[in-house]
Amino acid sequence: MVPIVEFDRVSKVFFKGSTQVHALQNVSLQVRPGELLAVVGPSGCGKSTLLNLTAGLMQPGMGEVRYDGSAVDSVNTQVAYVTQKDNLLPWRTVESNVGLPLEVGRHRDMPAIQKRERVARYIAMVGLKGFENHFPAELSGGMRKRAQLARSLVYEPDTLLMDEPFGALDAQLKLTLQAELLKTWEGSGKTLIFVTHDLTEAISLADRIIVMSSRPGTIRSIAEIRLPRPRDVFQVRFSPEFGDYFETLWAALREDMKHGTELH
Amino acid sequence: MSNAIEVAMTRPIVEKPEADVFAVDPSIRARRRENTLVIALRIALSVVLLGGWELASGTIVSPFWVSSPSLIFFALVEMVASGGLPFAIFSTMLVAASGFVLGIAIGVGLGVLFGVNRIVARVLDPYLTGLYTLPRVALVPLFILWFGLGFEMKTIFTALLVFFPIFMNTLAGIRDVDDDLIDVIRVMGASRRDTIFKVLVPSALAWVFAGLRISVPFALIGAVLAEMFSSSEGLGYIISNTANQFDTAGLFAALVVTTILGLALDWLVGMVERRVLRWQHKRH
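Residues numbered from 1 in each chain as written. Chains lettered and ligands numbered in written order. Predicted model: local features only at pLDDT ≥ 70, side-chain atom pairs only at ≥ 80, totals over all residues. Heavy atoms only, no water.

1. A word on the overall build of chain A
- The helix and strand inventory of chain A stands at 7 helices and 10 strands.
- Computed over its C-alpha atoms, the radius of gyration of chain A comes to 18 Å, within 12% of the 18 Å expected for a compact globule of 264 residues.
- In terms of principal-axis extent, the alpha carbons of chain A reach across some 50 × 45 × 40 Å.
- Evaluated residue by residue, chain A yields a buried proportion of 52% over its 264 residues.
- In chain A, the proportion of contacts linking residues at least 24 apart, taken out of those at least 6 apart, comes to 70%.
- Summed over all atoms, the accessible surface of chain A reaches about 11600 Å², with 51% contributed by carbon and sulfur.
- For chain A, the centre of its 31 positive side-chain charges and the centre of its 31 negative side-chain charges are spaced 3 Å apart. (Helix = DSSP H or I, 4+ residues; strand = E, 2+ residues; numbered from the N terminus. Rg over C-alpha atoms; globule rule 2.2 N^0.38 Å. Buried < 20%, exposed > 50% of the residue type's maximum accessible area, 1.4 Å probe, protein only. Contact = heavy atoms within 4.5 Å. Areas by Shrake-Rupley, 256 points an atom, 1.4 Å probe, with all protein chains shown as cover. Lys, Arg positive; Asp, Glu negative; His and termini not counted. Charge placed at Lys NZ, Arg CZ, Asp CG, Glu CD.)

Set out below in structure tokens:
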């Protein structure tokens with residue numbers, strides 16, 4: 001089986017303003033098609049760099065990043081990217097924000113009727129029916145996250161990259177959105193790479209978890225999460241296996257937690 | 001899960017607050033009272049100032065130096081009756097408006113160009129800072145030499161004054177766009193053109209409008225200044241002409257009109273802004 005995303009001994013240095021950041025050190029990793037892979041690690045350990053390399057927004061300093069067998073050497077439009085920050089366009093309504101990916105790129109020439117139909121379908125899927133004509137400023141944080149999710153699903157990419165998408169939300173909303181994400185993803189056949197610093201979130205969602213060390217990021221441990229699917233994020237945390245996974249992964253994570261440094 | 005929690009969770013939600021609360025809530029009445037007070041005090045302030053001026057003129061200070069509100073009013077009436085003022089307003093506004101438009105076009109254009117191209121911005125940055133610190137009034141004689149005494153010179157000078165706030169704000173607006181957002185839209189397959197026209201420019205618009213508000217007075221200042229130097233028409237000409245004749249009432253009358261024009265222009269830009277940036281004002 002060809003891995004959908006493959007990192008082959010990748011190291012990466014980049015500039016953040018005028019500071020040099022050594023983000024990744026000799027990372028090798030294979031993502032299986034259709035899996036939900038969570039990446040956890042201390043703040044600033046290069047988790048986001050993994051996603052940026054996969055999306056082709058950065059080029060590896062050493063080594064190679066491959067997507068579906070071929071090297072990623074420019075922006076990878078096979079993926080969708082959901083970032084932590086709210087970045088809907090504030091001057092566009094929900095409908096027009098969700099439709100944005102169909103105005104650019106390879107869907108540009110899709111007939112208008114089909115576009116409208118597809119936008120409506122994904123808006124309904126994330127539960128925003130009735131809010132099509134609202135501006136982002138009129139929505140709650142959770143609704144904005146839902147709109148962002150619809151925007152990244154609407155062009156039906158094979159792979160979804162999510163960078164701490166629920167990081168800034170309160171605990172209850174986070175659980176609700178995790179449940180909705182699982183419901184959307186399970187059975188879709190899409191690959192999902194999910195970066196988080198929340199170990200509980202990672203275990204609840206993922207098929208596999210990668211624990212990264214602090215900068216320069218290396219892979220410290222990879223764990224298969226064999227919790228049954230479909231999963232109930234509200235209940236799964238009370239199962240005994242969950243506790244075992246948590247302890248094992250926490251041990252791997254803990255060593256680096258004190259060294260973690262946030263980049264600003 | 002215990003029963004008590006479930007009971008707590010299924011308590012019915014109150015559908016709507018009674019509408020009456022908006023009529024009786026003390027915080028709403030207090031706010032209304034404050035608004036009325038502010039308007040009353042504004043009117044009182046102008047009455048006191050104008051009255052004081054009227055009384056002081058001719059008693060404490062000679063009207064030769066400070067004129068008086070009533071003399072200014074009569075001067076205004078006379079200027080309107082003679083037809084001189086409407087024509088002056090027209091020619092000043094024509095210069096101000098065309099300079100404004102030209103300044104906006106160049107300011108927004110260069111702002112976008114600089115904003116999307118880091119190299120160009122870095123190369124030209126020190127030159128622009130130099131031009132910015134230059135007292136631009138000093139350029140009027142040079143502009144007269146280059147463009148003559150006519151409409152072009154006045155328009156170009158006005159445009160130069162208008163240009164900087166617009167340019168700076170457009171640039172800031174484009175640089176303010178979140179890099180994350182640009183990354184996300186690139187991954188969607190957006191071309192550079194898409195990025196500029198669908199993200200950068202609309203996102204800079206709020207900043208551009210802030211720049212417009214700042215440069216409205218500059219458009220008037222530019223037009224009036226250029227007319228003072230070179231013209232035989234417009235409010236600037238009236239100002240310099242009345243000053244030369246020690247006609248303080250006429251001078252103040254021209255200043256009053258200029259101020260009113262400035263307020264009107266600012267209001268107009270505000271109206272356009274509210275329409276274009278509708279999304280910004282739609283908040284809870």
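On we go.
2. Quick look at the sheet that holds strand β6 (residues 79-82) of chain A
All names here are of chain A.
- Strand order in this open sheet of 6 strands is β6-β7-β8-β3-β9-β10, and the pairing throughout is mixed. A single partner strand is all that each edge strand has here, and the edge strands are β6 and β10 (219-224). Geometrically, the sheet is characterised by an average inter-axis angle of 15° between neighbouring strands, direction not taken into account.
- Pairing between strand β3 (residues 36-40) and strand β8 (residues 191-196): 5 bridges, direction parallel. Residue pairing across strands places valine 39 opposite valine 195, the latter belonging to β8.
- Lying on the sheet, helix α1 (residues 47-54) is in contact with β3, β6, β7 (159-163), β8 and β9 (208-212); it crosses β7 at an angle near 150°. (Pairing = 2+ DSSP bridges. Axes fitted to C-alpha atoms, helices over the stretch in contact; angles between N-to-C directions.)

3. Digging into the interface of chain A and chain B
- Each partner contributes to the interface: chain A provides 26 residues, whereas chain B provides 22 residues.
- Roughly 2300 Å² of surface becomes buried between chain A and chain B when both sides are summed, with 66% attributable to carbon and sulfur atoms.
- When the area that chain A buries against chain B is broken down by residue, the three leading residues are A:Trp91, A:Val104 and A:Phe135, summing to 24%.
- Linking B:Asp194 and A:Arg108 is a salt bridge whose minimum nitrogen-to-oxygen distance equals 2.7 Å.
- At the boundary of chain A and chain B, one finds 4 residue pairs in polar contact (both at pLDDT 80 or more).
- Those elements that place two or more of their residues in the side of chain A that touches chain B are β6 and α2 (94-103) of chain A. (Buried area = accessible area lost by both parts, 1.4 Å probe. Salt bridge = Lys/Arg side-chain N within 4 Å of Asp/Glu carboxyl O. Polar contact = N/O pair within 3.5 Å; in protein donor to acceptor, adjacent residues only side chain to side chain.)

4. Some remarks on the confidence of the model for chain A
- For chain A, the average pLDDT comes to 87, and 97% of its residues sit at 70 or higher.
- By mean pLDDT, helix α7 (residues 240-257) of chain A is the weakest element of chain A at 84, and β3(A) is the strongest at 93. (pLDDT = per-residue confidence, 0-100.)

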